[in-house]
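# Analysis of the macromolecular model
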Amino acid sequence: MKLTKVKLFAFILAILMIVSSLPLVANAATTTYSKSSNSGIRDEVCSALSPGAISYYTGNYEYADFIELSSSELKSTLSTLMRSTHTEITSYNDCRDFVWQTDCENNNTSRATTLYTDYQMQSSEWAGSWTCNREHVWPQSKGGGNTSGGGADLHHIRPEKASVNSSRGNKSFGTGSGMYVPPDNAKGDVARIVLYVYVRWGSDWGADSVTEVFQSVDLLLSWCALDPVDTWEMGRNEVVQNIQGNRNVFIDYPELAWQMFGKAAPSNMTTPSGAAENGNVPSNPPAGGDSGSTGGSTGGGTTTPSTPAEIPDSFVMKNKSSYVTATSKPYTSSSGTTKDQLAMSTSRSDAATFTLVKNNDNTLSFKVGNKFLYADGTHVRLVGSAGDNTKFIPEATSGGYFVKCANATYDNKPQYLEVYKESLCCFGMGSDTSIYVIVFESVSGGSTGGSTGGGTTGGTTGGNTGGTTGGNTGSGTTTPSTGALASFDLGANGGTTHKDGNEAAEGVKFTSGSYTITLSGVNKVYSGAIDAKGNSCLKIGTGSKVGGFSFTVGSDVKKVVIYVAQYKENATIVTINGSEHTISTASNNGEYTAITVDTSSNKTVTLETTSSGKRCMINTIELFGTSSGGSTGGNSGSTGGTTGGTTGGNTGGSTGGNTGTTTPSIPSGIPDSFVINNGGKYVTDTVYAYTSSSGSTKDELVMADSKSDAATFSVVKNSDGTVSFKVGGKFLFADGTNVRLVTSQDDNTKFVLEETSSGYFIKCAVANYQGKPQYLEVWSGYLTCFSKNENSDTSIFTFALEAVTGGNSGSTGGTDTPGTDTPGTDTPGTDTPGTDTPGTDTPGTDTPGTDTPGTDTPGTDTPGTDAPGTDAPGTDTPGTDAPEALPNGGVTQVDGIPEIPWPEDDRSSSTVTTVIIIISICAVGAFAAAAVIMIVKKKKK
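These remarks concern the structure in this document.

## Description of the overall build of the protein chain
Within the protein chain, the regular secondary structure consists of 16 helices and 42 strands. With 941 residues in all, the protein chain has 48% of them scored as buried. Residue pairs at least 24 apart in sequence account for 66% of intrachain contacts in the protein chain once pairs closer than 6 positions are excluded. Accessible area for the protein chain stands at about 42300 Å²; split by element, carbon and sulfur atoms hold 51% of it.

## Regarding the side chain of Ser365
Mapping Ser365 onto the fold places it in strand E11 (residues 364-368). A polar contact of 3.1 Å, which involves the side chain of Ser365, links it to the side chain of Asn359. From its side chain, Ser365 meets the backbone oxygen of Thr390 in a polar contact 2.7 Å long. When residues no more than four places from it in sequence are discounted, the contact partners of Ser365 are Thr355, Leu356, Val357, Asn359, Phe372, Thr390 and Lys391.

## Here's the deal with the packing of aromatic side chains
In the structure shown here, the tally under the stated rule is 25 aromatic pairs. Ring centres of Phe761 and Tyr775 lie 6.5 Å apart, and the angle between their planes is 85°; this geometry places the pair in the edge-to-face category. One end of the pair, Phe761, is in strand E39 (residues 759-769); the other, Tyr775, is in strand E40 (residues 772-779), with 14 residues separating them in the sequence. Overall, Phe761 belongs to the buried group, its relative accessible area being 12%. Classification of Tyr775 as buried rests on a relative accessible area of 6%. Aromatic rings pair up to connect Phe315, Phe354, Phe366, Phe392, Tyr401 and Phe440 into one cluster. Here Lys75 stacks its cationic end above the ring of Tyr198, 4.7 Å away from the centre of that ring.

## Details of the sheet that holds strand E20 (residues 508-512)
Here 6 strands make up an open sheet; going across it, the order is E20-E21-E24-E29-E26-E27 and the pairing antiparallel. With one partner strand each, in any of the chains shown, E20 and strand E27 (579-583) form the two edges of the open sheet. On average, adjacent strands in this sheet sit at an angle of 25° to one another, irrespective of strand direction.

## Thoughts on the pattern of salt bridges
Taken as a whole, this structure holds 28 salt bridges when the rule is applied. One salt bridge connects Lys539 with Glu68, and the closest N-O pair in it is separated by 2.5 Å. Separated by 471 residues along the polypeptide, Lys539 in strand E23 (residues 536-540) and Glu68 in the loop between helix H3 (63-66) and helix H4 (71-84) bring together distant segments of the chain. Measuring nitrogen to oxygen at the nearest pair gives 3.2 Å for the salt bridge that ties Asp218 to Lys263. On the criterion of sequence distance, the pair formed by Asp218 in helix H10 (residues 217-226) and Lys263 in the loop between helix H13 (256-260) and strand E5 (314-319) is long-range, its members being 45 residues apart. Relative accessible area serves as the criterion here: at 14%, Asp218 is assigned to the buried category. Residues participating in the shared-partner salt-bridge network are Arg42, Asp103, Asp118, Arg158, Asp189, Asp230 and Arg236.

## Quick notes on the packing of helix H9 (residues 184-200) against H10
Viewed as axis vectors pointing N to C, H9 and H10 meet at an angle of 125°, and their least axial separation amounts to 7 Å. Classified by the angle between their axes, H9 and H10 sit oblique to one another. By crossing handedness, the relation of H9 to H10 is classed as left-handed. The residues of H10 that touch H9, namely those facing Asp184, Lys187, Gly188, Ala191, Arg192, Val194 and Leu195, are Leu220, Trp223, Cys224 and Leu226. The residue inventory of the contact of H9 with H10, partitioned by class, reads 7 nonpolar, 1 polar and 3 charged.

## Looking at the environment of Cys224
Locating Cys224 in the fold gives a position in helix H10. Considering only alpha carbons, one finds Cys224 and Met269, 45 residues apart in sequence, at a separation of 9.5 Å. Not counting chain neighbours up to four residues away, the residues in contact with Cys224 comprise Gly188, Ala191, Arg192, Pro254 and Trp258.

## Focus on the nonpolar core
Counting 50 residues, the largest nonpolar core has Phe66, Phe173, Val194, Phe214, Phe250 and Leu256 as the members making the most contacts within it. At the level of secondary structure, the elements contributing two or more residues to this core comprise helix H2 (51-56), H3, H4, H9, H10, helix H12 (249-252) and H13. Per element, the largest residue contribution to this core is 9 residues, and it comes from H9. Setting aside residues no more than four positions away along its own chain, Phe66 makes contact with Tyr57, Tyr61, Leu74, Thr77, Leu78, Leu81, Leu256 and Gln259. Counting 31 residues, the second-largest nonpolar core is a separate cluster that includes Val574, Ile576, Val597 and Leu607.

## Focus on the side chain of Ser787
The residue Ser787 is located in strand E41 (residues 782-787) in this model. The buried category is assigned to Ser787, whose relative accessible area is 12%. Within the structure, the side chain of Ser787 is placed 2.7 Å from the side chain of Gln774, a separation counted as a polar contact. Not counting residues up to four positions away in its chain, the partners in contact with Ser787 are Lys772, Pro773, Gln774, Ser792 and Phe797.

Rules behind the numbers
- Residues numbered from 1 in each chain as written.
- Predicted model: local features only at pLDDT ≥ 70, side-chain atom pairs only at ≥ 80, totals over all residues.
- Heavy atoms only, no water.
- Helix = DSSP H or I, 4+ residues; strand = E, 2+ residues; numbered from the N terminus.
- Buried < 20%, exposed > 50% of the residue type's maximum accessible area, 1.4 Å probe, protein only.
- Contact = heavy atoms within 4.5 Å.
- Areas by Shrake-Rupley, 256 points an atom, 1.4 Å probe, with all protein chains shown as cover.
- Polar contact = N/O pair within 3.5 Å; in protein donor to acceptor, adjacent residues only side chain to side chain.
- Phe/Tyr/Trp six-rings, centres within 6.5 Å; stacked < 30°, edge-to-face > 60°.
- Lys NZ or Arg CZ within 6 Å of the ring centre and 35° of its normal.
- Pairing = 2+ DSSP bridges.
- Axes fitted to C-alpha atoms, helices over the stretch in contact; angles between N-to-C directions.
- Salt bridge = Lys/Arg side-chain N within 4 Å of Asp/Glu carboxyl O.
- Parallel < 35°, antiparallel > 145°, perpendicular 65-115°, else oblique.
- Left-handed = near helix turned anticlockwise from the far one by under 90°.
- Nonpolar A, V, L, I, M, F, W, Y, C, P; charged D, E, K, R; others polar.
- Core = buried A, V, L, I, M, F, W, Y, C linked by side-chain atoms within 4.5 Å.

Structure, rendered in structure tokens:
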């Protein structure tokens with residue numbers, strides 16, 4: 001009987017061993033998710049928000065609130081929304097398991113659609129043959145370098161053929177050499193995924209800037225508009241929400257991408273909500289958009305747009321130093337083939353003046369008089385009617401745009417306008433991209449020229465007309481005024497007034513007749529608001545901050561009348577030049593209160609809302625004076641008419657405009673002479689050469705506790721919009737490693753100020769490390785520079801520029817008894833007279849590297865000696881730590897090396913495998929023991 005029990009026990013153990021060796025279901029999700037699947041259809045334009053989207057945007061996250069935020073406020077708000085609702089964090093294996101729900105089409109869960117190729121993948125191609133694998137749209141090497149967090153987010157990871165994934169590698173998206181261009185119907189998907197990773201994960205996964213993976217912001221936005229959201233993409237957003245809780249906001253409201261980068265969304269862009277088509281988006285970027293140059297302010301003529309910038313309505317086209325003309329230049333090849341080209345000229349006066357035509361298919365056409373620019377891949381000419389070959393797609397690049405033919409191709413390759421041998425032709429994009437770069441120079445300007453006599457500030461046209469007319473009409477006599485000198489419709493300029501949450505948008509101009517007012521100190525001001533009578537107005541003040549602006553009027557203006565109303569029916573108090581005015585009329589009734597301001601002596605008018613969160617609307621500003629004849633030219637009429645109109649107009653317009661320089665936008669409040677303070681530590685002019693334990697040396701500036709030891713700086717405004725800081729005859733220099741003072745200016749003496757709550761972040765205009773901008777910072781008592789991430793201790797990057805109002809106070813001397821100390825050994829004034837033995841202290845007695853982690857001066861560690869992540873931010877020289885090891889034997893991706901696909905076989909988790917092995921060993925051991933017992937029993941018998 002005992003022997004029978006042993007046999008039974010051995011049999012059971014054998015069964016357990018066999019069962020334990022059977023494969024388990026790999027990668028089973030630990031959470032039960034909704035089994036919804038994607039019902040959308042690829043390339044079917046989405047014209048409605050899904051049910052999940054409608055319920056997602058509630059409370060503090062409503063669309064109506066989004067469109068009133070500044071660029072930075074919008075990014076922060078969307079980040080908070082997508083983070084707080086991301087309730088289930090998926091693993092890299094989950095991205096493979098859920099693909100049959102997220103990436104199927106029309107609810108067919110037996111197939112999954114790949115990103116770039118629209119290939120219908122089957123399950124055998126996913127885990128068996130490895131034909132397909134998981135694509136990181138934001139490459140691991142340019143993100144977190146791992147497959148967790150942003151590297152395992154279902155909104156990010158997409159299936160693709162392994163060969164295509166390998167071909168893409170870690171290339172950035174773009175049209176330049178070495179970049180990756182997906183098919184047109186995937187460009188919008190790619191753009192919106194990159195936007196999601198950038199906002200949702202940011203520095204948490206190394207996604208600090210979209211330009212890390214995109215050629216430019218403008219190209220990203222153009223792809224977003226080119227390939228609108230389809231029902232498949234909306235369906236996928238819905239399924240992922242059911243799994244992990246959050247949504248990709250840029251699929252539901254793609255127009256918010258433009259607002260986030262301070263740009264105007266295309267009014268003809270198709271969006272799921274219909275907001276863009278119905279005009280329910282900011283008509284202009286709340287942040288003020290890209291600032292163009294202000295060359296026309298002194299010469300008044302053409303303004304070369306900054307890069308990238310919106311294409312002006314009227315322009316000339318330039319490549320390097322030559323301009324496109326309207327003259328045809330047929331070219332005959334050696335084979336006898338003739339094709340049309342347009343001649344180029346180095347003289348701007350020969351340039352053809354184009355006007356911009358916006359087509360309803362998101363393309364642009366360029367018109368010269370009644371003719372259109374035409375390019376079919378062979379010929380470039382001017383034609384009398386529009387057609388497919390008169391449509392183009394500008395792609396922003398460094399210095400201007402690549403102009404692609406919207407329809408013409410050759411050998412299935414897109415064709416671009418190019419300048420070759422002083423002719424405008426077209427060709428497939430080659431390696432020398434400079435011949436494809438087109439700059440659109442505005443020819444507008446001059447409307448303000450006439451008012452001051454022509455040539456001074458007039459443009460090509462405005463200078464001639466303004467000078468002649470203004471001079472002849474203004475005879476210098478005074479005619480009593482019978483009405484307003486000028487009336488400014490604050491919505492009529494198409495809404496060039498914007499707000500940015502923290503920075504003032506300077507130089508916003510309104511023109512009425514020969515008068516101009518320029519708003520400054522603009523904050524919390526929106527254009528495009530509509531009152532009950534359909535008038536476009538300025539809306540001022542929102543959220544927790546007050547808003548307002550200032551402007552200055554001329555000497556002939558004696559009073560100003562401002563028409564103000566409540567926004568809707570909110571009680572509003574407006575302060576104008578220190579006087580409070582209670583506004584009772586409401587814009588939703590189309591009624592305004594006229595507020596009169598005396599400007600006979602004080603020529604500046606400052607307005608702001610003072611009741612937090614209570615907005616107001618301003619419809620019109622009128623100027624009144626005692627004369628009308630003299631104000632339009634009058635006293636300087638004879639000179640303006642003859643000299644300004646004839647000479648000044650031509651010279652000022654064409655020459656002055658072109659050579660006008662950019663006046664940098666310097667935040668208000670910076671004194672002409674100042675010291676730089678960081679948390680009570682002041683920047684000195686003493687350079688300290690720091691040598692690390694590895695022997696590398698870098699320059700830093702010593703910080704002082706006393707303001708009396710601080711270096712006195714002055715600000716230098718550079719023509720490219722940057723600033724430099726000067727100490728005596730030297731300039732502050734920072735190249736990403738060294739911070740010192742140098743005697744001459746170069747790119748590393750240029751900085752950009754970013755205003756923050758208690759001072760400024762000072763960014764190096766040129767220097768970067770691994771594509772990340774470098775900022776001045778104070779660390780361990782020295783001024784150095786480093787990358788500033790979202791999770792950095794920003795206090796070490798914050799500087800206050802304190803005015804210098806007088807001389808430094810003299811030192812108190814004579815505290816030591818003469819002759820008791822060896823000269824130079826003591827800090828002045830620290831000893832009681834006669835208490836030290838001369839020369840008792842040894843200078844430099846600390847051994848480098850003996851401090852607790854985080855207390856070392858930057859750069860003191862030997863490269864590679866630290867475990868990843870053990871140091872406080874900013875303590876190591878960049879790049880000195882060993883790379884983080886990846887799971888499953890993965891390899892960290894290195895720039896320039898294609899992404900290594902991760903294994904796609906059905907392996908169990910390491911924990912489950914370990915348990916199975918242990919059970920199997922136990923089972924084998926038990927079986928062996930049972931067998932021995934049986935043998936022993938038999939022998940005993």
